[in-house]
Amino acid sequence: MATEPSPQFLNSIRLKYVKLGYQYLVNHILTFLLIPIIITILVELAHVGPDEIISLFRFLNELDLIYIISSMLLVIIGATFYLMCKPRPVFLVDYACFRPLPNFRVPFSTFVEHSRLVPQFDEKTVRFQIRILERSGLGEETCLPPANHYIPPTCSMAAAREEAELVIFSAIDELLNKTGMKPKNIDMLIVNCSLFSPTPSLSAMVINKYKLRSNVMSFNLSGMGCSAGLISIDLARNLLQSHGNSYALVVSTEIITPNYYLGKERSMILPNCLFRMGAAAILLSNCRREGSRAKYRLSHVVRTHKGADDAAYNCVFQEQDSEGNCGIKLSKDLMAIAGEALKSNITTMGPLVLPSCEQLLFLFSLIARKVFKSKRKPYIPDFKSAFEHFCIHAGGRAVIDELQNNLQLSDEHVEASRMTLHRFGNTSSSSLWYELNYIEAKGRMKKGNRVWMIGFGSGFKCNSAVWKCLRTVKTPVDGPWSSSIHRYPVEIPDVVKLL
Amino acid sequence: MEVLATLTTLMLIYSLYLLYKFYSLKLSSDCYLIDYVCFKPSSDRKITTEMSGAIVDRNKTLGLSEYKFLLKVIVNSGIGEETYGPRNIIEGREDSPTFDDAMLEMDEFLNVSVGDLFKKTNISPQDVDVLVVNISMFSPAPSLASRIVQRHKMREDVKTYNLSGMGCSASMIGVDLVRNIFKSGKKTLAVIVTSESITPNWYSGTDKSMMLGNMLFRSGGCVMLLTNDPARQAQAKMNLKCLVRTHIGSNDDAYNCAMQKEDEVGRVGFHLSKGLPKAAVRAFAENLQQLAPKILPYSELALYMYRTIKQMAVKPKDSSSSAMARINFKSGVDHFCLHTGGSAVIDAVGRALGLSKYDVEPARMTLHRWGNTSASSLWYVLGYMEAKKRLRKGDRVLMISFGAGFKCNSCLWEVNRDLDDGDVWADCIKNYPPQSLVNPYMERFGWVNDHTEDSFKQSEREFLSTR
């Protein structure tokens, strides 16, 4: 027996249609305005008789050749200048992520056993690490570099260099294979690795291994945190927009080896449990011919730096504890600060990407609050109308939860982030690329889709980038998810009992 | 008729507008150096010869051959008595630097110089759009760029870049980065901060190739303000004319000649190999090959072509290195800022470019007064020239530096107006150039060369007992 639908339900449907109608109207306002203009012109044309048309032709014939040529010339000059002044598009030709081998895996049992055997950790510290791991959202297949499998971990510079060579070179090898790119055609190289910065730099290491040209523009960014991958993309965009046909190689990674914390400070233990091995290599180009084979086009990059606020600056801080062990201290208000940074970023990003209807609503809400002092809650624009996919930095379970809440995203939207955290752990600046690969491997990336990448990092920074998909990505996708995508998505319990 | 005329007029106006936009885009790609401020550490951080001796003495693992080696290095270094070192080394804790020591060394520089630059140029920190920091051997999280943002409460949309690991030529990489950002056309104000961290990088082992760094590097830094806003051109000191970067890392010997690594025992140090001069020459030659056509007048280039062809006609198998020496760089460049890597480096570059004593004097004096301050050394050299009132409007200044990797970067500036700001040289410029640059270390510790292993130990015991 069909029951009468509740008035609230009916109301919400009516509202939904009103909302849809309103969205459609505002987004296509220009089309709607053009219709009366077109009708007027058609009506006018209908009035024009054949005599007038003939007299128009005769008039044109009488014009001086010079007049015609100069008009044509002006049109050509105008078109040329217009094309030259337009900023060149930045294409993402392809990207590749480091695929860790199974022998680097750190299942829960290994992690627990190692923690117990490392002499520097006391029982309380071990228990704390296990508790973090239980609630972390990580799976059993995350990987640590070879040096961290020793007991105690060997944190030498040579081992760190080995890890860097392993992750960076395999990612770049795969990328060069995929794209058929010759190393000597690379014009710009940007490497970002936050916590390991030897001299000569990792960018020099890449130049040495791949024999890049002597006039390659190389930059090595360091200390910029987990959002540094997007900073590198922004820098690559600046370089590509000020040079002719060029290719830029961006390498994002984090080297774990020298950063294992061997002390007892609780606020500094977290990175041990979350950070895992990973790297990504991305090929960008501004050649127009790459437009046909490129996967994505970069639409916007927005960077927000909250360093002026002392609490934000100090919330992720590298320091030495009382015993002299170096580690990264995370403060308790990290989530709140991340939320604030995101709000600032959205305020700049919103006008660039939101459809007109959302912007108008936001504007009205803003006016209502500021001018009319209305007490209503601030209107949070619906970013789901601007993007099809979201790549949120897999910094940790709490970060993803916080962002899902703030942006009112569904579970499917944050699935890529959660599954990446589960399968690969927190690979810092390269995590966004693992997430993108997840979406592609699931066959969800279609032509015209827009992707929003959001990264957070020490400083405190929130950086975001918007990509537009240029061609539907066919499955199966050859990448880090090849061997495991069929098992995902998995249900991640709140707590995995290890003790 | 009117329609066509109106249409043509509109097209004309639009074309003119686009032309104007294109022209302003070209203008905005200019890069002006408004001002720069070098860092002068406090005088309690001065390292004299005596202190150097004491520091070397503290390392009990050193034997006679190491002492001889260090003596040779220090005597030939060209470094004087007034250079500055980090506090932990002066206080005797060079073997066990803490994170806080390294941060303190940076803070002493950042807290003074960045604020000084803002005061000098009358710019508010909130006006800064781009901040580039390069400190090669210390890269904490959050970055030192973020530290500056925090201290000066910069804007949220400031673009920070923290370069690290790029060696002694990194300040020009910073300029290159800023120059590329300027090309986007938007009016931008950029601050570049360059320095080096010595505290965490002291080598406490016995590998000779790694001890050089200990002896030569000194504390220093520089903060520069650049812009592409033509409205500020009158205020600017110099314009950037061209910048050439050369990286020969593809050659394995060049890549390995200056490398931070562990010695056999596991102590981290900066290894400088014997192949370094060769790598430097190669990088330098390649850099000049690209630079020369951009900076020399056509007459000089034509003359060079003529000389080369003549030479090839006479002796077709002649090497190109001698031909290179016959390009007269002084035809296109008035002043030379050479990286103060050491007196050997300055001499070699001076010979290659055919420079006189007057030309290399700023670099030599900077090495004597400040030591090798790594990436910021070029700016101290520039400061010397300015203090000596050598920089007149229209003069062209060539900066050349080398760095690990192996890189050679060079750039050409044109002086915008007569400059006479002494900055950090103001109090001592009248003492330069001094009568003699001979190192007093030679007389104090000359006895090292006369000893054998046993007599060394004997006189060492005597020497220590007198202290």
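Here the residue index of a chain counts from 1 through its sequence in written order. Labels follow written order: the first chain is A, the first ligand is 1, and so on. Given that the model is predicted, a residue must reach a pLDDT of at least 70 before its local features are reported, and side-chain atom pairs must reach 80 or more before they are shown or counted; all residues, however, enter totals for whole chains, interfaces and linings. With hydrogens and water stripped out, all remaining heavy atoms of the structure feed into the side-chain values.

*Asks:* What's the story with the overall build of chain A in this structure? I'm lost.
*Replies:* Secondary structure elements follow DSSP: runs of H or I no shorter than four residues count as helices, runs of E no shorter than two count as strands, and numbering proceeds from the N terminus. Within chain A, the secondary structure is distributed over 16 helices and 11 strands. Expressed along its principal axes, the backbone C-alpha trace of chain A runs to roughly 100 × 70 × 50 Å. Each residue gets one of three labels from its accessible area relative to the maximum for its type: buried under 20%, exposed over 50%, partly exposed in between, using a 1.4 Å probe on protein chains only. The proportion of buried residues among the 499 residues of chain A is 54%. Within chain A, counting contacts between residues at least 6 apart in sequence, those at least 24 apart form 81% of the total. A total accessible area of about 22,600 Å² is found for chain A, and carbon and sulfur atoms account for 61% of it. Neither His nor the chain ends is counted toward charge; the positive residues are Lys and Arg and the negative residues Asp and Glu. Positions of charges follow a simple convention, taking NZ of Lys, CZ of Arg, CG of Asp or CD of Glu. Positive and negative side-chain charges in chain A, numbering 55 and 43 respectively, have mean positions lying 1 Å apart. Contact between two residues is taken to exist if any of their heavy atoms lie within 4.5 Å; hydrogens are not considered. Under the convention used here, a 1.4 Å probe and the Shrake-Rupley method define accessible areas, while residue burial counts only the protein chains that appear.

*Asks:* How should the pattern of salt bridges be read in this particular structure?
*Replies:* Pairing between side chains of opposite charge can happen when the charged atoms of each approach one another. For this analysis, a salt bridge means a side-chain nitrogen from Lys or Arg found within 4 Å of a carboxyl oxygen belonging to Asp or Glu. For the structure on display, the rule yields 51 salt bridges over all chains. In this structure, Asp94(A) engages Lys178(A) in a salt bridge whose closest nitrogen and oxygen atoms are separated by 4.0 Å. On the criterion of sequence distance, the pair formed by Asp94(A) in strand S1 (residues 91-97) and Lys178(A) in helix H7 (residues 157-179) is long-range, its members being 84 residues apart. As a salt-bridge pair, Glu388(A) and Arg450(A) come within 3.0 Å of each other at their nearest N and O atoms. With a gap of 62 residues between them, Glu388(A) in the loop between helix H13 (356-370) and strand S9 (389-392) and Arg450(A) in strand S10 (residues 450-457) connect regions that are remote in the sequence. Classification of Glu388(A) as partly exposed rests on a relative accessible area of 31%. Counted as one network, the salt bridges with shared partners bring together Asp35(B), Lys120(B), Lys237(B), Glu386(B), Asp421(B) and Asp423(B).

*Asks:* What exactly am I supposed to notice about the environment of Val496(A) here?
*Replies:* Structurally, Val496(A) is set in the segment after strand S11 (461-469). For the pair Val496(A) and Ala79(A), spaced 417 residues apart in sequence, the C-alpha separation works out to 63 Å.

*Asks:* Sorry if this is basic, but what is going on with helix H6 (residues 144-152) of chain B here?
*Replies:* Residues that lie three or four places apart on an α-helix share one face, since the helix turns once every 3.6 residues. Residues and elements named next belong to chain B. Within H6, eight of the nine residues are buried, leaving the element largely enclosed by the surrounding structure. Residues of H6 that are buried include every one of Leu144, Ala145, Ser146, Arg147, Ile148, Val149, Gln150 and His152, and no others. Trailing H6 by a residue or two, lysine 153 shows a phi angle of about 55°, which is positive.

*Asks:* Looking at this structure, I do not really get the interface of chain A and chain B. What am I missing?
*Replies:* Many structure descriptions define interface size as the accessible area lost when the parts assemble. Contacts between the two partners involve 67 residues from chain A, matched on the other side by 67 residues from chain B. Ranking the residues of chain A by area buried against chain B places Thr199(A), His305(A) and Tyr313(A) at the top, with a combined share of 12%. Linking Lys211(A) and Asp252(B) is a salt bridge whose minimum nitrogen-to-oxygen distance equals 3.2 Å. Each polar contact in these results corresponds to two N or O atoms within 3.5 Å; when the atoms are within protein, one needs to be able to donate a hydrogen and the other to accept it, and residues that are neighboring in sequence are counted only if both atoms are side-chain atoms. Where chain A meets chain B, there are 31 residue pairs in polar contact (both at pLDDT 80 or more). At nine residues, the largest contribution of residues to the side of chain A that touches chain B is made by helix H4 (residues 65-85) of chain A. Throughout this entry, Asp, Glu, Lys and Arg are counted as charged residues, while Ala, Val, Leu, Ile, Met, Phe, Trp, Tyr, Cys and Pro are counted as nonpolar. The remaining residues, Gly among them, count as polar. Taken together, the residues of the side of chain A that touches chain B break down into 31 nonpolar, 26 polar and 10 charged. Accessible area, probed at 1.4 Å, shrinks when two parts are joined; the buried area is that loss added up over both.

*Asks:* Would you take a moment to explain the environment of Asn214(B) for this structure?
*Replies:* Residues and elements named next belong to chain B. Checked against the element boundaries, asparagine 214 lands in helix H8 (residues 208-216). Taking C-alpha positions, asparagine 214 is 46 Å from serine 299, a pair spaced 85 residues apart along the chain. Here the side chain of asparagine 214 touches tyrosine 203 through a polar contact of 2.7 Å, landing on its backbone oxygen.

*Asks:* Mind showing me how you'd approach the packing of aromatic side chains here?
*Replies:* Here the distance between the centres and the angle between the planes together describe a pair of aromatic rings. Here is the rule: rings of Phe, Tyr and Trp (six-membered ring for Trp) pair when centre to centre is within 6.5 Å. Planes less than 30 degrees apart are stacked, more than 60 are edge-to-face, and the remainder are tilted. One pass over the structure, following the stated rule, counts 26 aromatic pairs over all chains. Residues Phe387(A) and Trp452(A) carry aromatic rings whose centres are separated by 4.9 Å and whose planes lie at 20° to one another, so their mutual orientation is stacked. One end of the pair, Phe387(A), is in the loop between H13 and S9; the other, Trp452(A), is in strand S10, with 65 residues separating them in the sequence. For the pair Phe402(B) and Phe406(B), a centre-to-centre distance of 6.4 Å together with 35° between the ring planes defines the contact as tilted. Here the two residues Phe402(B) and Phe406(B) agree in accessibility, since each one is buried. Site record: aromatic cluster; members linked through ring pairs are Tyr84(B), Trp370(B), Tyr380(B), Tyr384(B), Trp425(B) and Tyr432(B). Geometrically, a charge over a ring is one whose NZ (Lys) or CZ (Arg) sits within 6 Å of the ring centre while staying within 35 degrees of the ring normal. Above the face of the Phe219(A) ring, Arg245(B) is positioned so that its terminal group lies 4.9 Å from the ring centre.

*Asks:* Looking at this structure, how should I read the nonpolar core?
*Replies:* Nonpolar side chains in soluble globular proteins generally cluster together in the buried interior. Membership of the largest hydrophobic core comes to 170 residues, with the highest contact counts inside it found for Leu284(A), Trp433(A), Trp467(A), Trp379(B), Trp413(B) and Trp425(B). The greatest single-element share of this core, amounting to 10 residues, is contributed by H7(A). Every residue in contact with Trp413(B), bar those within four places of it in the chain, is listed here: Leu33(B), Val175(B), Leu226(B), Met238(B), Asn239(B), Leu240(B), Lys241(B), Trp379(B), Asp395(B), Arg396(B), Val397(B) and Met399(B). With 48 residues, the next largest nonpolar core counts Met215(B), Phe329(B), Phe336(B) and Ile346(B) among its residues. Among the buried residues, those of types Ala, Val, Leu, Ile, Met, Phe, Trp, Tyr and Cys that are joined through side-chain atoms within 4.5 Å form a nonpolar core.

All we've got here are geometric facts, nothing functional implied.
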